[in-house]
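What the coordinates show
Take a look at the letters that make up each chain.
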Amino acid sequence: MTDKTRPTSNGTVESLLTEQRVFRPLPRVIADSAVNPADLKLAHEKADTNRLAYWEEAAERLQWYRRWNTVLDESSAPFYKWFEGARCNIVHNALDRHITSPNRNKLALIWEGEPGNTRRLTYFELYREVNKCANALRELGVAKGDRVVIYLPSLPETVISMLAAAKIGAIHSVVFAGFSAHALAERIEDAKPKIIITVDAFYRNGRVLALKPLVDEALEQAEHSVEHTIVVHRTHVTVSMNPEKDLWWHDVMREKSYEAITESMEATDPLFMLYTSGTTDKPKGVVHSHGGYMVGVHHTFTQVFDNHATDIFWCTADVGWITGHSYVVYGPLMAGTTTFIYEGHPLYPEAGRVWSVVERWGISVLYTVPTLIRMLMRFGEKYTQQHDLSTLRLLGTVGEPISPDAWVWFHKNVGKGRCPLLDTWWQTETGMIMISPYPISVLKPGSVARPLPAVDVDIVDDTGTSVPTGKGGYLVIKNPWPAMITTLFNDDETYKEMYWSRFAGQYCSGDIARRDEDGYIWVQGRADDVIMIAGHRIGTAEFEAALATHPLVAECAVIGIPNAIRGEVAKAFVVLKEQTDTLYFMDEESETEQQLIEHVRAELGSIAVVGAVDIRDALPRNRSGKIMRRLLRAETTGSEIGDTSTLEEDPFWATTD
Ligand code: WT7
């Protein structure tokens, strides 16, 4: 086995183009797996013959209040209606049905706070907490279709409030606790929630971060007022409480009944929305349904992670992202698995925290992001050797391309060469894993392997024609799938335009990929103006809008640049306003740069990392006066990345230039 990778500062894409290593499944993995290679082949054949029958069978493994009339109603495409006519509630499958099964007294949720305190809830206990919270929300006037914004880090209450909202038919919208007051205000204005659920403060990297004040600030900014803010009491930080509107979680939960009726929903009714960045300056609310999402997430969770009854599943994503929704909360709970969540920073109090968690709780499946692997790799093998990682049986990654080097490090030092490592591709919009190996698949480091059965993926050129093997192109999905986005909140037009207009009738993912001679897919990155920072999407337009609000900024352009740990960060090219009152000296430049970096962080939140600021006298423009980001990119990162010669334009950098 030769190592053909050429590591660079962030050599992910270059090394993906030359990687040739292959890892075959161990006989023991095949013996232990519910799906063996012959089963998988059969599943593909079945799905190819009758895609809808395949999904119908998946739906039959769950409980419904009323059966569907049709599996898929395509009459108003691209507003696809999965399981049209059916009635259900995802919480019935995630909780209610376990209470009468042997899962009743099994652990549903294990939580560890950053300081080391823990909480464990059995299915029965979680069910009761959710019912109490559902009753509390109902008493506060929340009804079917109302929105509930949840601005919390990964706490048990985050899971409880999501499930409680869904149980009563309300639409939850979790806002990642790393977002700023401004970002929260934007989301509140769009979602118009009746209630916000938050926390006084939480622990992160040894610090106590207050969250409630940010809610107050956001509500002052937003042109929408909520009826109540419910505050979880996590720390001893004193926060101001408005006696008319603000309520403590423990007060609203007190003396509530342990029983609550689960609302019967249409399969197509919205379950939640989650804001995600696109090419516009405002994030969009991706809407997911009860029925289709439930089927897609349950099926992929049980299949891809080859769910074992004894598993303790740790997905390191924050509950506030789609990965947290699908594979921390809904997937594991529907499957009756024990899901683990951690509040804090993965390197606190030292670089062995992740491995110590694996050892102490006996984690068996670890699903994480390449950024975390790159962070932990820096510390070498010392920490992975210090801890007993023998309970692990399966590893997974998601969110950004993983370089073969990081893949091999994780596979060798964490999986000890015996745990399959699955690189899974999907998006907020797809709701579920779309392309991924199975534990029994042949693995190629850096490749997401083949599409799952019944997932119809193609790689096409500008005209929508399939590109030849080995050539790069746009990754599209040619047929609908159950957990798909149903629309953008209050914006059907943009939904059609953004995803379905580029290639008629096909879903455009916005990614660039190629397929090798074995049909394995290698994802190269985004084709649009989206920067992937530590696996999180932020549009360059969002950065530009944030910078533009700084009093010193006359104009600006933002591009993504490679970063060794985060994958990508932003680089801002800025033209400053002429200073009338103070003279601007060159030696003040670094101070200004720092100010701008801080300003963006305050505007967008801590995930919005600006790695470099370049102050210019002018920005390059084309004849019609548009800023040419393409030129800025070319000068920053050099030539085209990857073979995308089938595309007329360089798609990796394709922009609105
Ligand atoms: C974008 C979606 C749902 C997962 C969390 C991110 C990138 C996702 C992979 C992968 C290479 C990947 C794509 C995609 N991405 N998984 N395995 N390999 N790139 O969800 O915020 O909606 O971002 O993440 O670029 O379009 P998201």
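In what follows, the structure referred to is the one given above.
Report follows, based on the coordinates. (Residues numbered from 1 in each chain as written. Predicted model: local features only at pLDDT ≥ 70, side-chain atom pairs only at ≥ 80, totals over all residues. Heavy atoms only, no water.)

1. Thoughts on the site of the ligand
Inspection of the region around the ligand gives 19 residues, with Asp-423, Thr-424, Thr-428, Arg-526 and Arg-537 positioned closest. Note that a nitrogen atom of the ligand is positioned 2.7 Å from one of the side-chain N or O atoms of Asp-423. Compared with its free state, where it exposes 560 Å², the ligand has 96% of that area covered by protein. Secondary-structure elements contributing two or more residues to the shell around the ligand are α12 (322–334), β20 (421–424) and β25 (521–526). (Near = heavy atom within 4 Å. Polar contact = N/O pair within 3.5 Å; in protein donor to acceptor, adjacent residues only side chain to side chain. Areas by Shrake-Rupley, 256 points an atom, 1.4 Å probe, with all protein chains shown as cover. Helix = DSSP H or I, 4+ residues; strand = E, 2+ residues; numbered from the N terminus.)

2. What to know about the environment of Asp-246
For Asp-246, the position within the fold is in strand β12 (residues 246–248). Using a relative accessible area of 11% as the deciding quantity, one classes Asp-246 as buried. Separated by 137 residues in sequence, Asp-246 and Tyr-383 place their C-alpha atoms 44 Å apart. Discounting residues that sit within four places of it in the chain, Asp-246 has contacts with Lys-212, Asp-216, Thr-229, Ser-240 and Met-241. Separated by 2.8 Å, the side chains of Asp-246 and Lys-212 make a polar contact. (Buried < 20%, exposed > 50% of the residue type's maximum accessible area, 1.4 Å probe, protein only. Contact = heavy atoms within 4.5 Å.)

3. With respect to the environment of Val-199
Take Val-199: it is sitting in strand β8 (residues 195–199). Owing to a relative accessible area of 0%, Val-199 belongs among the buried residues under this scheme. If sequence neighbours within four positions are ignored, Val-199 has contacts with Tyr-151, Leu-152, Pro-153, Leu-155, Leu-211, Lys-212, Val-231, Val-232 and Arg-234.

4. Concerning the sheet that holds β20
Reading across from one edge, β5-β4-β17-β16-β18-β19-β20 is the order of the seven strands in this open sheet, with mixed pairing throughout. If you trace the sheet from one side to the other, it starts and ends with β5 (118–122) and β20, each paired once. Sheet twist, expressed as the mean angle between neighbouring strand axes with direction ignored, is 20°. Bridge count between strand β16 (residues 312–315) and strand β17 (residues 338–342): three bridges; the pairing is parallel. Directly across from Trp-314, in β17, lies its bridge partner Phe-340. Packing against the sheet, helix α6 (residues 123–139) makes contact with β4 (107–112) and β5, and its axis sits at approximately 95° to β5. (Pairing = 2+ DSSP bridges. Axes fitted to C-alpha atoms, helices over the stretch in contact; angles between N-to-C directions.)

5. Digging into the packing of helix α3 (residues 37–49) against helix α4 (residues 51–60)
The N-to-C vectors of α3 and α4 enclose an angle of 120°; their axes lie 5 Å apart at closest approach. Taken as axis vectors, α3 and α4 run oblique relative to one another. Residues Ala-43, Lys-46, Ala-47 and Thr-49 of α3 form the contact with α4, whose own contacting residues are Arg-51, Tyr-54 and Glu-57. Looking at the contact of α3 with α4 residue by residue, the classes come out as three nonpolar, one polar and three charged. (Parallel < 35°, antiparallel > 145°, perpendicular 65-115°, else oblique. Nonpolar A, V, L, I, M, F, W, Y, C, P; charged D, E, K, R; others polar.)

6. Details of unusual backbone geometry
In this model, Ala-77 is joined to Pro-78 through a cis peptide bond whose omega is 5°. With respect to the helices, strands and loops of the structure, Pro-78 is situated in the loop between β1 (70–73) and β2 (81–84). The backbone phi angle of Asp-306 is positive, close to 45°, even though this residue is not glycine. Looking at the secondary structure, you find Asp-306 in the loop between α11 (291–304) and β16. The class for Asp-306 is buried, based on a relative accessible area of 6%.

Function cannot be read off these values alone, since they describe shape.
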